[in-house]
Amino acid sequence: MIESLFVLSPTGKVIIEKHWHELIPRRVVDYFNEQVSKAIASGEDLTREDVLPIISSPKYQLINVYRDGLTYLSPITKEVDPMMVFEFLHRIPDIMQEYFGQVSETVIKENFVTVYQLLEEMMDDGFPLTTEPNALKEIVPAPNLINTVITTMGATTSASTRKMPHGMSNLPWRKAGVKYTRNEIFFDIVEEIDAIVDSTGKAVSCEAHGTIQTNSRLSGMPDLTLSFVNPRLVDDCSFHPSVRFNKWESDKVLSFVPPDGHFRLMSYRVNLPSQQNLPVQVKPSINIGANGAKFDITVSLRNTEGKPLENVVLTLPLHKSTTTLTAHCNVGQYMFDPVGKVLRWDIGKIVPRERAPVLSGSFGFGTSSEAAANAGYNIGVEFVINSHSLSGLKVDVLKLFNESYKPYKGVRTMTKAGRYQVRA
(Lines give C-alpha, C1' and ligand atoms only; values in the text may rest on other atoms or scores of the structure.)
Protein backbone atom coordinates (compact mmCIF):
# COMPACT_ATOMS: atom_id res chain seq x y z
CA MET A 1 0.00 0.00 0.00
CA ILE A 2 0.95 3.65 -0.40
CA GLU A 3 0.98 5.33 2.99
CA SER A 4 1.94 8.96 2.33
CA LEU A 5 2.73 11.48 -0.37
CA PHE A 6 4.88 14.61 -0.34
CA VAL A 7 5.03 16.98 -3.31
CA LEU A 8 8.22 19.04 -3.13
CA SER A 9 9.08 22.34 -4.81
CA PRO A 10 12.31 22.78 -6.86
CA THR A 11 13.99 23.96 -3.64
CA GLY A 12 12.85 20.88 -1.68
CA LYS A 13 10.07 22.53 0.34
CA VAL A 14 6.82 20.64 0.95
CA ILE A 15 3.92 21.93 -1.16
CA ILE A 16 1.45 19.07 -0.65
CA GLU A 17 1.40 16.57 2.20
CA LYS A 18 -1.14 13.73 2.22
CA HIS A 19 -1.31 10.73 4.57
CA TRP A 20 -3.65 7.79 4.03
CA HIS A 21 -2.48 5.94 7.16
CA GLU A 22 -0.38 7.02 10.10
CA LEU A 23 1.41 10.34 9.99
CA ILE A 24 4.97 10.20 8.63
CA PRO A 25 7.10 13.02 10.05
CA ARG A 26 8.52 15.66 7.73
CA ARG A 27 12.08 14.89 8.76
CA VAL A 28 11.99 12.15 6.13
CA VAL A 29 11.84 14.97 3.56
CA ASP A 30 14.94 16.57 5.13
CA TYR A 31 16.78 13.26 4.85
CA PHE A 32 15.69 12.91 1.21
CA ASN A 33 16.87 16.43 0.35
CA GLU A 34 20.25 15.71 1.94
CA GLN A 35 20.68 12.55 -0.12
CA VAL A 36 19.71 14.37 -3.31
CA SER A 37 22.25 17.12 -2.62
CA LYS A 38 25.00 14.55 -1.96
CA ALA A 39 24.15 12.66 -5.16
CA ILE A 40 24.29 15.81 -7.31
CA ALA A 41 27.52 16.97 -5.66
CA SER A 42 29.23 13.63 -6.33
CA GLY A 43 29.71 14.42 -10.04
CA GLU A 44 30.23 17.53 -12.16
CA ASP A 45 27.63 16.69 -14.81
CA LEU A 46 24.97 15.21 -12.52
CA THR A 47 21.54 16.86 -12.29
CA ARG A 48 18.37 16.23 -10.32
CA GLU A 49 17.18 13.86 -13.08
CA ASP A 50 20.18 11.59 -12.39
CA VAL A 51 19.16 10.89 -8.78
CA LEU A 52 18.09 7.31 -8.13
CA PRO A 53 14.29 6.76 -8.14
CA ILE A 54 14.52 4.71 -4.91
CA ILE A 55 16.62 5.95 -1.97
CA SER A 56 16.98 3.88 1.18
CA SER A 57 16.77 5.46 4.63
CA PRO A 58 17.07 3.75 8.03
CA LYS A 59 13.29 3.31 8.20
CA TYR A 60 11.80 3.97 4.75
CA GLN A 61 12.26 3.24 1.07
CA LEU A 62 11.91 6.68 -0.54
CA ILE A 63 10.30 6.20 -3.94
CA ASN A 64 10.41 9.44 -5.90
CA VAL A 65 9.44 10.80 -9.32
CA TYR A 66 10.83 14.07 -10.70
CA ARG A 67 8.70 15.90 -13.27
CA ASP A 68 8.55 19.52 -14.41
CA GLY A 69 10.78 20.67 -11.55
CA LEU A 70 8.61 19.05 -8.85
CA THR A 71 9.33 15.90 -6.82
CA TYR A 72 6.61 13.39 -5.91
CA LEU A 73 7.89 11.46 -2.89
CA SER A 74 6.30 8.42 -1.28
CA PRO A 75 8.01 6.87 1.80
CA ILE A 76 7.30 3.12 1.91
CA THR A 77 7.62 0.91 5.00
CA LYS A 78 5.72 -2.23 3.97
CA GLU A 79 6.11 -4.76 1.17
CA VAL A 80 4.71 -3.21 -2.00
CA ASP A 81 5.13 -3.49 -5.76
CA PRO A 82 7.35 -0.48 -6.60
CA MET A 83 5.96 -0.26 -10.15
CA MET A 84 2.49 0.37 -8.72
CA VAL A 85 3.90 3.26 -6.70
CA PHE A 86 5.75 4.70 -9.70
CA GLU A 87 2.65 4.45 -11.87
CA PHE A 88 0.54 6.22 -9.25
CA LEU A 89 3.13 8.97 -8.73
CA HIS A 90 3.25 9.58 -12.48
CA ARG A 91 -0.55 9.58 -12.67
CA ILE A 92 -0.80 12.47 -10.19
CA PRO A 93 0.87 15.10 -12.44
CA ASP A 94 -0.99 13.66 -15.44
CA ILE A 95 -4.31 14.25 -13.71
CA MET A 96 -3.30 17.72 -12.53
CA GLN A 97 -2.29 18.63 -16.08
CA GLU A 98 -5.69 17.41 -17.27
CA TYR A 99 -7.39 19.68 -14.72
CA PHE A 100 -5.18 22.78 -14.72
CA GLY A 101 -3.43 22.73 -18.12
CA GLN A 102 0.04 22.87 -16.55
CA VAL A 103 1.70 21.73 -13.35
CA SER A 104 3.89 24.05 -11.28
CA GLU A 105 4.32 25.16 -7.69
CA THR A 106 2.17 28.24 -8.30
CA VAL A 107 -0.62 26.28 -9.99
CA ILE A 108 -0.78 23.77 -7.12
CA LYS A 109 -0.92 26.54 -4.51
CA GLU A 110 -3.74 28.26 -6.40
CA ASN A 111 -5.74 25.00 -6.51
CA PHE A 112 -5.04 23.46 -3.08
CA VAL A 113 -8.67 22.43 -2.52
CA THR A 114 -9.04 20.68 -5.86
CA VAL A 115 -5.66 18.91 -5.53
CA TYR A 116 -6.52 17.49 -2.09
CA GLN A 117 -9.95 16.38 -3.33
CA LEU A 118 -8.31 14.58 -6.24
CA LEU A 119 -5.84 12.81 -3.96
CA GLU A 120 -8.70 11.75 -1.68
CA GLU A 121 -10.61 10.21 -4.60
CA MET A 122 -7.59 8.66 -6.31
CA MET A 123 -6.60 6.57 -3.28
CA ASP A 124 -8.64 4.36 -0.95
CA ASP A 125 -6.94 3.09 2.20
CA GLY A 126 -3.53 3.19 0.52
CA PHE A 127 -4.56 1.54 -2.75
CA PRO A 128 -5.21 3.34 -6.08
CA LEU A 129 -8.94 3.65 -6.70
CA THR A 130 -10.10 6.20 -9.30
CA THR A 131 -7.34 7.39 -11.61
CA GLU A 132 -9.17 8.01 -14.90
CA PRO A 133 -9.84 11.68 -15.76
CA ASN A 134 -13.38 11.08 -17.04
CA ALA A 135 -14.39 9.37 -13.81
CA LEU A 136 -12.67 11.95 -11.60
CA LYS A 137 -14.33 14.87 -13.38
CA GLU A 138 -17.71 13.41 -12.49
CA ILE A 139 -16.71 13.45 -8.80
CA VAL A 140 -14.39 16.46 -8.47
CA PRO A 141 -15.43 19.44 -10.62
CA ALA A 142 -12.73 21.06 -12.70
CA PRO A 143 -11.75 24.54 -11.46
CA ASN A 144 -13.70 27.45 -12.92
CA LEU A 145 -14.44 31.05 -12.01
CA ILE A 146 -17.22 30.18 -9.57
CA ASN A 147 -15.13 27.58 -7.74
CA THR A 148 -12.21 30.02 -7.57
CA VAL A 149 -14.40 32.72 -6.01
CA ILE A 150 -15.85 30.26 -3.49
CA THR A 151 -12.39 29.04 -2.51
CA THR A 152 -11.04 32.57 -2.22
CA MET A 153 -13.93 33.58 0.07
CA GLY A 154 -13.19 30.60 2.30
CA ALA A 155 -16.41 28.68 1.64
CA THR A 156 -16.34 24.91 1.87
CA THR A 157 -16.03 22.82 -1.27
CA SER A 158 -15.80 19.43 0.40
CA ALA A 159 -18.32 16.61 0.50
CA SER A 160 -21.31 18.97 0.72
CA THR A 161 -20.63 20.38 -2.76
CA ARG A 162 -19.03 17.33 -4.30
CA LYS A 163 -20.86 15.64 -7.16
CA MET A 164 -21.25 11.92 -7.27
CA PRO A 165 -20.84 10.09 -10.60
CA HIS A 166 -24.06 9.81 -12.53
CA GLY A 167 -23.14 9.32 -16.18
CA MET A 168 -20.47 6.63 -16.13
CA SER A 169 -20.59 3.58 -18.35
CA ASN A 170 -19.47 0.08 -17.40
CA LEU A 171 -16.01 1.14 -18.64
CA PRO A 172 -14.34 3.27 -15.94
CA TRP A 173 -12.43 5.41 -18.46
CA ARG A 174 -15.42 6.47 -20.59
CA LYS A 175 -18.54 8.50 -19.87
CA ALA A 176 -21.94 7.37 -21.12
CA GLY A 177 -24.08 9.46 -23.44
CA VAL A 178 -21.25 11.34 -25.17
CA LYS A 179 -22.47 13.22 -28.27
CA TYR A 180 -20.66 15.33 -30.85
CA THR A 181 -21.95 17.07 -33.96
CA ARG A 182 -18.68 16.23 -35.69
CA ASN A 183 -17.03 12.92 -34.86
CA GLU A 184 -13.25 13.01 -35.09
CA ILE A 185 -10.17 11.50 -33.52
CA PHE A 186 -6.56 12.74 -33.67
CA PHE A 187 -3.30 10.84 -33.14
CA ASP A 188 0.02 12.56 -32.37
CA ILE A 189 3.06 10.27 -32.72
CA VAL A 190 5.87 11.94 -30.77
CA GLU A 191 9.32 10.33 -30.61
CA GLU A 192 12.28 11.43 -28.49
CA ILE A 193 15.75 10.28 -29.49
CA ASP A 194 18.32 9.55 -26.78
CA ALA A 195 21.83 9.24 -28.15
CA ILE A 196 25.49 9.44 -27.21
CA VAL A 197 27.75 10.22 -30.18
CA ASP A 198 31.56 10.16 -30.06
CA SER A 199 33.85 12.74 -31.65
CA THR A 200 34.05 10.77 -34.92
CA GLY A 201 30.29 10.85 -35.40
CA LYS A 202 29.70 7.22 -34.43
CA ALA A 203 26.71 6.48 -32.21
CA VAL A 204 27.78 4.86 -28.94
CA SER A 205 24.15 4.35 -27.96
CA CYS A 206 20.96 5.37 -29.71
CA GLU A 207 17.29 4.63 -29.10
CA ALA A 208 13.96 6.36 -29.53
CA HIS A 209 11.12 6.57 -27.02
CA GLY A 210 7.73 7.22 -28.56
CA THR A 211 4.21 8.00 -27.41
CA ILE A 212 0.90 8.11 -29.25
CA GLN A 213 -1.15 10.94 -27.76
CA THR A 214 -4.81 10.78 -28.69
CA ASN A 215 -7.69 13.25 -28.65
CA SER A 216 -11.00 11.44 -29.09
CA ARG A 217 -14.19 13.35 -29.88
CA LEU A 218 -16.47 10.46 -30.79
CA SER A 219 -20.12 9.97 -29.92
CA GLY A 220 -21.65 6.95 -28.24
CA MET A 221 -19.56 3.91 -27.43
CA PRO A 222 -17.13 3.50 -30.37
CA ASP A 223 -15.04 0.34 -30.62
CA LEU A 224 -11.89 1.11 -32.62
CA THR A 225 -9.17 -0.93 -34.28
CA LEU A 226 -5.99 0.91 -35.26
CA SER A 227 -3.40 -0.82 -37.43
CA PHE A 228 0.12 0.27 -38.45
CA VAL A 229 2.11 -0.15 -41.64
CA ASN A 230 5.12 -1.55 -39.77
CA PRO A 231 4.13 -2.43 -36.17
CA ARG A 232 7.07 -4.78 -35.53
CA LEU A 233 9.47 -1.84 -35.42
CA VAL A 234 8.43 -1.04 -31.86
CA ASP A 235 9.40 -2.81 -28.65
CA ASP A 236 8.76 -2.54 -24.89
CA CYS A 237 5.22 -1.27 -25.38
CA SER A 238 2.86 -0.04 -22.68
CA PHE A 239 -0.79 0.78 -23.25
CA HIS A 240 -3.75 2.67 -21.92
CA PRO A 241 -6.07 0.38 -19.89
CA SER A 242 -8.62 0.54 -22.73
CA VAL A 243 -6.34 -1.39 -25.12
CA ARG A 244 -6.99 -5.12 -25.48
CA PHE A 245 -3.52 -6.55 -24.94
CA ASN A 246 -4.29 -10.00 -26.38
CA LYS A 247 -5.26 -8.43 -29.71
CA TRP A 248 -1.92 -6.64 -29.88
CA GLU A 249 -0.02 -9.81 -28.98
CA SER A 250 -1.73 -11.87 -31.69
CA ASP A 251 -2.32 -9.39 -34.54
CA LYS A 252 -0.19 -6.30 -33.70
CA VAL A 253 -3.23 -4.01 -33.88
CA LEU A 254 -4.65 -1.71 -31.21
CA SER A 255 -8.24 -2.58 -30.33
CA PHE A 256 -9.88 -0.26 -27.80
CA VAL A 257 -12.89 1.77 -26.70
CA PRO A 258 -11.34 5.23 -26.24
CA PRO A 259 -11.85 7.60 -23.32
CA ASP A 260 -13.43 10.92 -24.17
CA GLY A 261 -10.86 13.68 -24.72
CA HIS A 262 -7.07 13.57 -24.40
CA PHE A 263 -5.20 10.44 -23.31
CA ARG A 264 -1.99 8.53 -23.99
CA LEU A 265 -2.86 5.50 -26.09
CA MET A 266 0.56 3.84 -26.24
CA SER A 267 4.22 4.22 -25.30
CA TYR A 268 7.05 2.30 -26.92
CA ARG A 269 10.80 2.07 -27.47
CA VAL A 270 12.78 1.57 -30.68
CA ASN A 271 16.42 0.52 -30.94
CA LEU A 272 18.38 2.49 -33.54
CA PRO A 273 21.67 0.56 -33.96
CA SER A 274 23.01 2.52 -36.93
CA GLN A 275 24.30 6.07 -36.76
CA GLN A 276 22.71 6.59 -40.17
CA ASN A 277 19.43 6.97 -38.30
CA LEU A 278 20.69 10.11 -36.57
CA PRO A 279 18.93 13.16 -38.03
CA VAL A 280 21.73 15.63 -37.29
CA GLN A 281 25.52 15.52 -37.39
CA VAL A 282 27.57 17.69 -35.02
CA LYS A 283 31.31 17.93 -35.70
CA PRO A 284 33.17 19.51 -32.76
CA SER A 285 36.87 20.35 -32.69
CA ILE A 286 38.47 21.63 -29.47
CA ASN A 287 42.23 22.26 -29.47
CA ILE A 288 43.52 22.97 -25.96
CA GLY A 289 46.73 24.89 -25.35
CA ALA A 290 48.62 26.10 -22.30
CA ASN A 291 46.41 29.05 -21.42
CA GLY A 292 43.23 28.40 -23.39
CA ALA A 293 41.58 26.60 -26.25
CA LYS A 294 40.21 27.16 -29.74
CA PHE A 295 37.05 25.45 -30.91
CA ASP A 296 34.94 24.95 -34.04
CA ILE A 297 31.49 23.35 -34.10
CA THR A 298 29.72 22.50 -37.37
CA VAL A 299 26.12 21.26 -37.61
CA SER A 300 24.61 19.53 -40.65
CA LEU A 301 21.52 17.52 -41.52
CA ARG A 302 21.78 13.80 -42.12
CA ASN A 303 18.53 11.81 -42.22
CA THR A 304 15.40 13.97 -42.05
CA GLU A 305 13.61 13.01 -45.32
CA GLY A 306 13.98 16.58 -46.52
CA LYS A 307 12.40 18.07 -43.37
CA PRO A 308 14.06 21.04 -41.66
CA LEU A 309 15.31 20.99 -38.07
CA GLU A 310 13.60 23.56 -35.88
CA ASN A 311 14.35 25.00 -32.44
CA VAL A 312 17.96 23.82 -32.71
CA VAL A 313 20.03 24.65 -29.62
CA LEU A 314 23.55 23.45 -28.72
CA THR A 315 24.83 23.65 -25.14
CA LEU A 316 28.51 23.28 -24.25
CA PRO A 317 29.39 23.23 -20.51
CA LEU A 318 32.95 24.43 -20.01
CA HIS A 319 35.37 23.80 -17.16
CA LYS A 320 34.79 25.84 -14.01
CA SER A 321 38.19 27.51 -14.43
CA THR A 322 37.14 29.15 -17.72
CA THR A 323 37.47 32.93 -17.44
CA THR A 324 36.86 34.43 -20.89
CA LEU A 325 35.19 33.39 -24.15
CA THR A 326 35.02 35.02 -27.57
CA ALA A 327 33.20 33.50 -30.55
CA HIS A 328 31.34 34.19 -33.77
CA CYS A 329 28.71 32.21 -35.70
CA ASN A 330 27.28 32.41 -39.22
CA VAL A 331 23.76 31.32 -38.16
CA GLY A 332 21.78 32.17 -35.04
CA GLN A 333 23.27 33.69 -31.91
CA TYR A 334 25.28 32.50 -28.94
CA MET A 335 25.41 33.40 -25.26
CA PHE A 336 28.02 32.59 -22.62
CA ASP A 337 27.03 32.33 -18.97
CA PRO A 338 30.11 33.43 -16.98
CA VAL A 339 28.64 32.13 -13.72
CA GLY A 340 27.52 28.67 -14.83
CA LYS A 341 30.36 28.43 -17.42
CA VAL A 342 27.95 27.31 -20.14
CA LEU A 343 28.03 28.27 -23.82
CA ARG A 344 24.58 28.21 -25.45
CA TRP A 345 24.23 28.45 -29.24
CA ASP A 346 20.66 29.12 -30.41
CA ILE A 347 20.65 28.22 -34.12
CA GLY A 348 16.90 28.24 -34.72
CA LYS A 349 16.06 26.52 -38.01
CA ILE A 350 18.28 24.44 -40.30
CA VAL A 351 16.96 23.91 -43.83
CA PRO A 352 18.33 21.22 -46.19
CA ARG A 353 20.77 22.36 -48.89
CA GLU A 354 21.53 25.63 -47.12
CA ARG A 355 24.84 26.62 -45.55
CA ALA A 356 25.88 24.59 -42.52
CA PRO A 357 25.85 26.50 -39.22
CA VAL A 358 29.35 27.03 -37.80
CA LEU A 359 30.41 28.39 -34.41
CA SER A 360 34.10 29.25 -33.89
CA GLY A 361 35.96 30.91 -31.07
CA SER A 362 38.31 30.55 -28.14
CA PHE A 363 38.18 30.52 -24.35
CA GLY A 364 40.79 31.13 -21.68
CA PHE A 365 41.60 29.27 -18.45
CA GLY A 366 42.38 30.49 -14.97
CA THR A 367 44.73 28.74 -12.59
CA SER A 368 43.41 25.22 -13.27
CA SER A 369 44.54 24.97 -16.88
CA GLU A 370 45.82 21.40 -16.47
CA ALA A 371 42.48 20.21 -15.08
CA ALA A 372 40.61 22.03 -17.84
CA ALA A 373 42.83 20.45 -20.48
CA ASN A 374 42.06 16.95 -19.17
CA ALA A 375 38.34 17.55 -18.72
CA GLY A 376 35.86 15.95 -21.10
CA TYR A 377 33.55 18.20 -23.10
CA ASN A 378 30.05 17.07 -24.05
CA ILE A 379 27.70 19.05 -26.29
CA GLY A 380 24.00 18.82 -25.57
CA VAL A 381 21.77 19.02 -28.65
CA GLU A 382 18.11 20.06 -28.83
CA PHE A 383 15.94 20.01 -31.96
CA VAL A 384 12.45 19.33 -33.31
CA ILE A 385 11.49 17.75 -36.66
CA ASN A 386 7.82 18.13 -37.54
CA SER A 387 6.02 15.60 -39.77
CA HIS A 388 8.80 13.07 -39.27
CA SER A 389 8.94 9.75 -37.44
CA LEU A 390 12.48 8.61 -36.72
CA SER A 391 11.45 4.96 -36.27
CA GLY A 392 9.31 4.93 -39.41
CA LEU A 393 6.14 3.99 -37.50
CA LYS A 394 3.08 4.95 -39.58
CA VAL A 395 -0.66 4.62 -39.02
CA ASP A 396 -2.39 2.50 -41.68
CA VAL A 397 -6.12 1.97 -41.10
CA LEU A 398 -8.64 2.98 -38.43
CA LYS A 399 -11.80 0.87 -38.27
CA LEU A 400 -14.92 1.73 -36.25
CA PHE A 401 -17.36 -0.80 -34.81
CA ASN A 402 -20.52 -0.46 -32.73
CA GLU A 403 -21.45 2.92 -34.27
CA SER A 404 -22.86 3.88 -37.70
CA TYR A 405 -20.98 7.14 -38.39
CA LYS A 406 -17.63 7.49 -40.17
CA PRO A 407 -15.15 9.48 -38.06
CA TYR A 408 -12.48 11.87 -39.32
CA LYS A 409 -8.97 10.64 -38.54
CA GLY A 410 -6.01 13.01 -38.18
CA VAL A 411 -2.40 11.86 -37.72
CA ARG A 412 0.65 14.03 -36.96
CA THR A 413 4.23 12.93 -36.30
CA MET A 414 7.12 14.69 -34.62
CA THR A 415 10.68 13.77 -33.65
CA LYS A 416 12.63 15.71 -31.03
CA ALA A 417 15.84 15.36 -29.09
CA GLY A 418 15.72 13.79 -25.65
CA ARG A 419 19.07 13.26 -23.95
CA TYR A 420 21.25 13.81 -27.01
CA GLN A 421 24.97 14.30 -26.35
CA VAL A 422 27.99 14.63 -28.63
CA ARG A 423 31.44 14.05 -27.14
CA ALA A 424 34.06 16.55 -28.27
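Since the structure is predicted, the reported quantities are computational estimates derived from the model, not experimental observations.

J.: Just to check I follow, could you spell out the overall build of the chain for this structure?
T.: Along the chain, the regular secondary structure elements total eight helices and 23 strands. Considered along the principal axes of its C-alpha atoms, the chain spans approximately 75 × 55 × 45 Å. Among the 424 residues that make up the chain, the fraction classed as buried is 45%. Within the chain, residue pairs in contact and separated by at least 24 positions form 69% of the contacts whose partners lie at least 6 positions apart. Approximately 21,800 Å² of the chain is accessible, and the part contributed by carbon and sulfur atoms is 50%. Once the 44 positive and 46 negative side-chain charges of the chain are each reduced to a mean point, those two points are 5 Å apart.

J.: Looking at this structure, I do not really get the sheet that holds strand β14 (residues 280-288). What am I missing?
T.: Strand pairs in the sheet, formed through backbone hydrogen bonds, run parallel or antiparallel to each other. Taking strand neighbours across the sheet as the criterion, the four strands line up as β14-β15-β20-β17 in an open arrangement whose pairing is antiparallel. Here the strands that pair on one side only, and so sit at the sheet edges, are β14 and β17 (322-329). Strand-to-strand twist across the sheet, computed as the mean angle between neighbouring axes with direction ignored, equals 15 degrees. In the sheet, β17 pairs with strand β20 (residues 358-365) via seven bridges, with the strands oriented antiparallel. Residue pairing for β20: H328 is matched across the bridge by S360.

J.: When you look at a nonpolar patch on the surface in this model, what are you seeing that I'm missing?
T.: A grouping of F112, V113 and Y116 is seen on the molecular surface, where their side chains present a nonpolar patch of about 210 Å² in accessible area. Residue placement: F112 occurs in helix α4 (residues 112-122). F112 sits in the partly exposed class, given a relative accessible area of 32%.

J.: Sorry if this is basic, but what is going on with the pattern of salt bridges here?
T.: Pairing of side chains with opposite charge becomes possible as their charged atoms draw close. Counted according to the given criterion, the structure contains 18 salt bridges. Residues D94 and R67 are paired through a salt bridge, measuring 2.9 Å at the closest nitrogen-oxygen approach. Here the residue D94 occupies a position in helix α2 (residues 82-100), and R67 occupies one in strand β4 (residues 61-67), the gap between them amounting to 27 residues. By relative accessible area, which is 30% here, D94 ends up partly exposed. The closest approach of N and O atoms between R244 and D223, which form a salt bridge, is 3.0 Å.

What counts, and where the lines are drawn
- Residues numbered from 1 in each chain as written.
- Predicted model: local features only at pLDDT ≥ 70, side-chain atom pairs only at ≥ 80, totals over all residues.
- Heavy atoms only, no water.
- Helix = DSSP H or I, 4+ residues; strand = E, 2+ residues; numbered from the N terminus.
- Buried < 20%, exposed > 50% of the residue type's maximum accessible area, 1.4 Å probe, protein only.
- Contact = heavy atoms within 4.5 Å.
- Areas by Shrake-Rupley, 256 points an atom, 1.4 Å probe, with all protein chains shown as cover.
- Lys, Arg positive; Asp, Glu negative; His and termini not counted.
- Charge placed at Lys NZ, Arg CZ, Asp CG, Glu CD.
- Pairing = 2+ DSSP bridges.
- Axes fitted to C-alpha atoms, helices over the stretch in contact; angles between N-to-C directions.
- Patch = residues over 30% accessible without salt bridge, like charges linked within 9 Å, V, L, I, M, F, W, Y side chains within 5 Å.
- Salt bridge = Lys/Arg side-chain N within 4 Å of Asp/Glu carboxyl O.

Interpretation note: all reported values are geometric properties and have no functional meaning in isolation.
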